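Now for the letters of each chain:
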Amino acid sequence: MKMAVCLKQVPARDAVLRLNSDSTWVREDDVSFEINEPDIYALEEALRLKEKQGGEVVVCTLGPERAAQALKEALAKGADRAMHLHDPAFQNLDAYATARALAAAIRQAAPDLVLTGLQADDDGFAQTGVILAEMLSWDHSTIIMEIQAQERALKVKRELEGGWFQWIEIPLPAVLTIQSGINKPRYATLKGILAAKTKPLQRLGWKELGLDEESLKPHQKITKVFTPPKSGKVEWLEGTPREVAQRLADKLKNEARVI
Amino acid sequence: MAAGILVFAEHHQGKPTRAAWEALAAGQRLAADLGLSLTAIALGVELSPLMAELARAKLDEVIALESPALEVYTPEGFTSAVFQLIEARQPRLIIFSHTYQARDFAPRLAARCGRALISDCLSYRREDERLILIRPVFQGKFCAETEFMGEPPYFVSFQAGSFREDSVEAGAAPARVTCQAVTLAAGTIRTRPGEVFREAKQAVDLSQAKAIVAVGRGIKGPENLELARKLAEALGAELGASRPICDNGWLSMDRQIGSSGQTVAPNLYLALGISGAIQHLVGMKGSRTVVAINKDKEAPIFEVATYGIVGDLFEIVPPLIEEIIKAKSG
Ligand SMILES: Cc1cc2nc3c(=O)[nH]c(=O)nc-3n(C[C@H](O)[C@H](O)[C@H](O)COP(=O)(O)OP(=O)(O)OC[C@H]3O[C@@H](n4cnc5c(N)ncnc54)[C@H](O)[C@@H]3O)c2cc1C
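If you're wondering where the values come from, they're calculated on a predicted model, not measured in any experiment.

**Remarks on the overall build of chain B**
Inference 1: Helix and strand counts for chain B stand at 8 helices and 18 strands.
Inference 2: Seen through its principal axes, chain B has C-alpha atoms that stretch 70 × 50 × 35 Å.
Inference 3: Considering chain B as a whole, with its 330 residues, one finds that 58% of them fall into the buried category.
Inference 4: Carbon and sulfur atoms provide 50% of the accessible area of chain B, an area that totals close to 13600 Å².
Inference 5: Here chain B contributes 35 positive and 38 negative side-chain charges, whose respective centroids are spaced 1 Å apart.

Encoded structure:
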């Protein structure tokens, strides 16, 4: 089975984020980036399917220069080749335009199955994979916790709210968005890192993808980013660890009456 | 009637879900603020009782889109059916609650219309003709004001709890009910959904716990769980966790608290190294007293905390265990 994994580079989880000068996003110059967590699970799932069934794993990202690092990491883990959608015209795309560019790349790669993470931890749209499926006119399913491959179809376990699940049979080609926890992602080995150096990493701009300006037009726009207002109901307990421990024990006993 | 607002009312076997009422509450507020008509829609079979229930709310119309093909949810079926209605009615705004079902098909529906969905919104603001939606970014560390570009229809989904289900206004008279049979082109639905189920093993029922010590990724590794366990023991509490702890297999899935785990409401909820993502908060915000210990003062968990301690849990928990044992015996 030929698979494509769409992944995104996002600020590292423990990065200290500060707003940019015009408060439209965060400053990116002094933060480190990593692969979006659910996307790591999506990549792992593709690698496992390949190990079971044979086939190819193409990784695909849309992002600036730095995003090539995410692709290299994916190649080191075992992906076969990479597509980097990189063009000045790709700055600040919304989910719709991102999906449109990805769809153009996916058509070139012509996989049977596309896997993405269920959402990106930066903008949190939770939409790109689903829109991609619509643009390709493929079936899709979201928040997937298990994949079983069958002849020209898949059986997937979709997570529902409150600990419920559902098995769904979905024909190929298809797009699945993967939930964190579906598997145990591997680490890249030294051998993998060395092998990655010779794997193809293709760079594609809007012309190579056959896109025009019209198709990249945003449909939504962030006008301002701000720190959420605090409701201020919390009572802060301060002091040395011993002092806060004493204070909390006292509060729990005499105020909250829970001990 | 002037093109207005459509609210997607999710239901479970013919009963509107909480998410449906929350979406309707959002729709009522927006309809009043923007001067638009309000219509609720539901999809399935034999929807008359559901229609009657929805029609009691203050709105102009409720529409049932009925077809045997819509009895069980599929993204293709729901996308096609609502798309047909949008073409016929030309609404300006379509509102969803940001549920698993809306996540599954609303982006596809919006894309089919060639329009945007602004997802997971917390609130909105109107500035003259501009509709500004406020949504979390960076897992709630920041909020972003977001606006639509281009022509309507516009699609919006609101996060659980953004509007209160009990704020839905009742109507003076029942709203008009329209039942519409939907025909889907042959071959529209290609996926085959099975029965919904729970994993068989549910050994722990945290919903009844009086006290819970919940650990998050701040606990670093499974070897440190012993520390949390000792604290739980001192408090007579159950051990719970955020999702990544269960994903990693450090604790079993039935200890997971949140939208995809258990919903709890103990007298005491003590969160150790949990950031407080919305999917976690929805599972525990009914707790009476919430203590949060986190080294990041900006962590969203402090928004729902009664007592907040900014610091390293590994420094605070050991003396805390001693002090609790002391306080209990004193
Ligand atoms: C569809 C969906 C469903 C989900 N369902 C759930 C669910 O049911 N339950 C759930 O919990 N999550 C759920 N999630 C995941 C959720 O979005 C968050 O990713 C998750 O809750 C984060 O867990 P955490 O707080 O433990 O980790 P993080 O967000 O990584 O937070 C760790 C925290 O620990 C603090 N910390 C680190 N070291 C220390 C230290 N030494 N001392 C004190 N503090 C420290 C950090 O400051 C940080 O705030 C779901 C996500 C999606 C998309």
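Here the narrative resumes, following the displayed structure.
**A short note on unusual backbone geometry**
Inference 1: Residue Leu172(A) is joined to Pro173(A) through a cis peptide bond whose omega torsion reads 0°.
Inference 2: If you trace the backbone, Pro173(A) turns up in the loop between strand E9 (164-171) and strand E10 (174-178).
Inference 3: Of note, the bond from Pro152(B) into Pro153(B) is cis; its omega dihedral lies within 30 degrees of zero at 5°.
Inference 4: The residue Pro153(B) is located in the loop between strand E10 (142-148) and strand E11 (154-158) in this model.

**Concerning a nonpolar patch on the surface**
Residue and element names in this part refer to chain A.
Inference 1: Taken together, the side chains of Leu190, Ile193 and Leu194 present a nonpolar region at the surface, about 310 Å² in accessible area.
Inference 2: By the secondary structure assignment, Leu190 is in helix H5 (residues 190-196).
Inference 3: Judged by its relative accessible area of 64%, Leu190 is exposed.

**Details of the sheet that holds strand E8 (residues 123-127) of chain B**
Inference 1: The 4 strands are arranged E12(A)-E10(B)-E9(B)-E8(B) in an open sheet whose pairing can be described as antiparallel. Edge strands, defined here as strands with exactly one partner in the open sheet, are strand E12 (220-226) of chain A together with E8 of chain B. Taken pair by pair, the neighbouring strands of this sheet meet at an average axis angle of 30°, ignoring direction.
Inference 2: Bridging between E12(A) and E10(B) involves 6 bridges; their strand directions are antiparallel.

**Digging into the interface of chain B and chain A**
Inference 1: The interface is formed by 80 residues belonging to chain B together with 83 residues belonging to chain A.
Inference 2: For the pair chain B and chain A, the two sides together bury roughly 7500 Å², of which 55% comes from carbon and sulfur.
Inference 3: On the chain B side of the contact with chain A, Tyr100(B), Phe138(B) and Tyr307(B) bury the most area, a combined 11% of that side's loss.
Inference 4: If you look at where chain B meets chain A, you find 11 salt bridges.

**Some points on the side chain of Asp254(B)**
Residues and elements named next belong to chain B.
Inference 1: Mapped onto the elements, Asp254 comes out in the loop between helix H6 (243-247) and strand E16 (268-272).
Inference 2: Although buried, Asp254 forms no salt bridge, and the nearest oppositely charged side chain, Arg255, lies 5.1 Å from it.
Inference 3: Engagement of the side chain of Asp254 in a polar contact is seen with the side chain of Ser252, the distance being 2.4 Å.

**Thoughts on helix H5 (residues 225-235) of chain B**
Inference 1: Along H5(B), the residues that are buried comprise Leu225(B), Ala228(B), Leu231(B), Ala232(B), Ala234(B) and Leu235(B).
Inference 2: Structurally, H5(B) contributes buried residues whose contacts are with helix H6 (241-255) of chain A together with strand E14 (211-215), strand E15 (238-241), E16 and helix H8 (313-329) of chain B.

**Looking at the packing of aromatic side chains**
Inference 1: Tallied over the entire structure, the rule returns 14 aromatic pairs over all chains.
Inference 2: Centre to centre, the rings of Phe78(B) and Phe105(B) are 5.7 Å apart; their planes meet at 80°, and the pair counts as edge-to-face. Of this pair, Phe78(B) sits in helix H3 (residues 75-89) while Phe105(B) sits in helix H4 (residues 100-112), and the two are 27 residues apart along the sequence. Like Phe105(B), Phe78(B) is buried.
Inference 3: In this structure an aromatic cluster arises from ring pairing among Phe8(B), Tyr73(B), Phe78(B), Phe96(B) and Phe105(B).
Inference 4: Here the basic side chain of Lys157(A) rests over the ring of Phe165(A), its NZ or CZ set 4.5 Å away from the ring centre.
Inference 5: Geometry around Trp236(A) places Lys297(B) over its ring, the cationic atom sitting 4.7 Å from the centre.

**So, the domain arrangement of chain B**
Residue and element names in this part refer to chain B.
Inference 1: Taken as a whole, chain B is organised into domain 1 (2-181) and domain 2 (206-329).
Inference 2: Computed over C-alpha atoms, the centres of domain 1 and domain 2 are 35 Å apart.
Inference 3: Tallying the contact residues gives 6 residues for domain 1 and 7 residues for domain 2.
Inference 4: Looking at the side of domain 1 facing domain 2, the largest losses of area belong to Tyr100, Gln139 and Gln159, adding up to 56% of the total buried there.
Inference 5: Seen at the junction of domain 1 and domain 2, the total is 0 salt bridges.
Inference 6: The tally of links between domain 1 and domain 2 comes to 0 residue pairs in polar contact (both at pLDDT 80 or more).
Inference 7: When its residues are assigned to classes, the side of domain 1 that touches domain 2 shows 2 nonpolar, 3 polar and 1 charged.

**With respect to the environment of Arg247(A)**
Residue and element names in this part refer to chain A.
Inference 1: Within the fold, Arg247 resides in helix H6.
Inference 2: For Arg247, a relative accessible area of 40% translates into the label partly exposed.
Inference 3: Distance from Arg247 to Leu237, taken between C-alpha atoms, is 7.0 Å for residues 10 residues apart in sequence.
Inference 4: Once residues lying within four places of it in the same chain are set aside, the contact partners of Arg247 are Leu237, Glu238 and Gly239.
Inference 5: Reaching out from Arg247, the side chain makes a polar contact with the backbone oxygen of Glu238 at a distance of 2.3 Å.

**Here's the deal with the site of the ligand**
All names here are of chain B.
Inference 1: Within the structure, the ligand sits among 33 residues, and Arg217, Ser242, Ser260, Ser275 and Asn294 are positioned closest to it.
Inference 2: Coverage of the ligand by the protein amounts to 90% of the 980 Å² it exposes when considered alone.
Inference 3: Mapped by element, the contributors of at least two residues to the shell around the ligand are H4, H6, helix H7 (278-281) and H8.
Inference 4: The residue makeup of the shell around the ligand includes at least three contributed by each of domain 1 (2-181) and domain 2 (206-329).

**Describing the nonpolar core**
Inference 1: Counting residues in hydrophobic clusters, the biggest one holds 39 residues, and the most contacted among them are Ile5(B), Leu24(B), Ile95(B), Leu133(B) and Phe158(B).
Inference 2: The next biggest cluster of nonpolar side chains, apart from the first, holds 37 residues, and it includes Val213(B), Ala228(B), Val317(B) and Ala327(B).

Scoring rules and cut-offs
The residue count restarts for each chain, going from 1 along the sequence in the order it is written. Whichever chain is written first becomes A and whichever ligand is written first becomes 1, with later ones labelled in order. Given that this is a predicted model, residues contribute local features only at a pLDDT of at least 70 and side-chain atom pairs are listed and counted only at 80 or more, while totals for whole chains, interfaces and linings are drawn from all residues. Excluding hydrogens and water, the side-chain values take into account all heavy atoms of the structure. Helix and strand assignments come from DSSP, with helices taken as H or I runs of at least 4 residues and strands as E runs of at least 2, each series counted from the N terminus. Think of it in three bands: with a 1.4 Å probe and only protein chains considered, a residue is buried below 20% of the maximum accessible area for its type, exposed above 50%, and partly exposed in between. For the accessible areas, the method is Shrake-Rupley and the probe is 1.4 Å, while residue cover comes only from the protein chains on display. In this tally, Lys and Arg are treated as positive and Asp and Glu as negative; His is ignored, and so are the chain termini. Charge positions come from single atoms, namely NZ of Lys, CZ of Arg, CG of Asp or CD of Glu. The residues that make up patches have over 30% relative accessible area and no salt bridge, and they are joined within 9 Å when like-charged or within 5 Å when they are Val, Leu, Ile, Met, Phe, Trp or Tyr. Salt bridges are counted wherever a side-chain nitrogen of Lys or Arg sits within 4 Å of a carboxyl oxygen of Asp or Glu. Pairing between strands requires that DSSP locate at least two bridges from one strand to the other. A fitted line through C-alpha atoms serves as each axis, taken over the contacting stretch for helices, and the angle formed by two N-to-C directions is quoted from 0 to 180°. It only takes one pair of heavy atoms within 4.5 Å for two residues to be counted as in contact. Two parts placed together each lose some accessible area under a 1.4 Å probe, and adding up what both lose gives the buried area. What qualifies as a polar contact is a pair of N or O atoms within 3.5 Å, subject to a donor-acceptor requirement within protein and to the restriction that residues adjacent in sequence count only when both atoms come from side chains. Centre distance within 6.5 Å is the pairing criterion for rings of Phe, Tyr and Trp, where only the six-membered ring of Trp is used; planes under 30 degrees apart are then read as stacked, over 60 as edge-to-face, and the remainder as tilted. Each ring is checked for a lysine NZ or an arginine CZ that lies within 6 Å of its centre and within 35 degrees of its normal; such an atom marks a charge sitting over the ring. Residue ranges assigned to the domains are those given by an automatic or database domain assignment. Any residue that is not Ala, Val, Leu, Ile, Met, Phe, Trp, Tyr, Cys, Pro, Asp, Glu, Lys or Arg is counted as polar, Gly included; the first ten are nonpolar and the last four charged. It suffices for a single heavy atom of a residue to lie within 4 Å of a molecule or strand for the residue to be listed as near it. Only buried residues count toward a nonpolar core, which is a set of Ala, Val, Leu, Ile, Met, Phe, Trp, Tyr and Cys residues joined through side-chain atoms within 4.5 Å.

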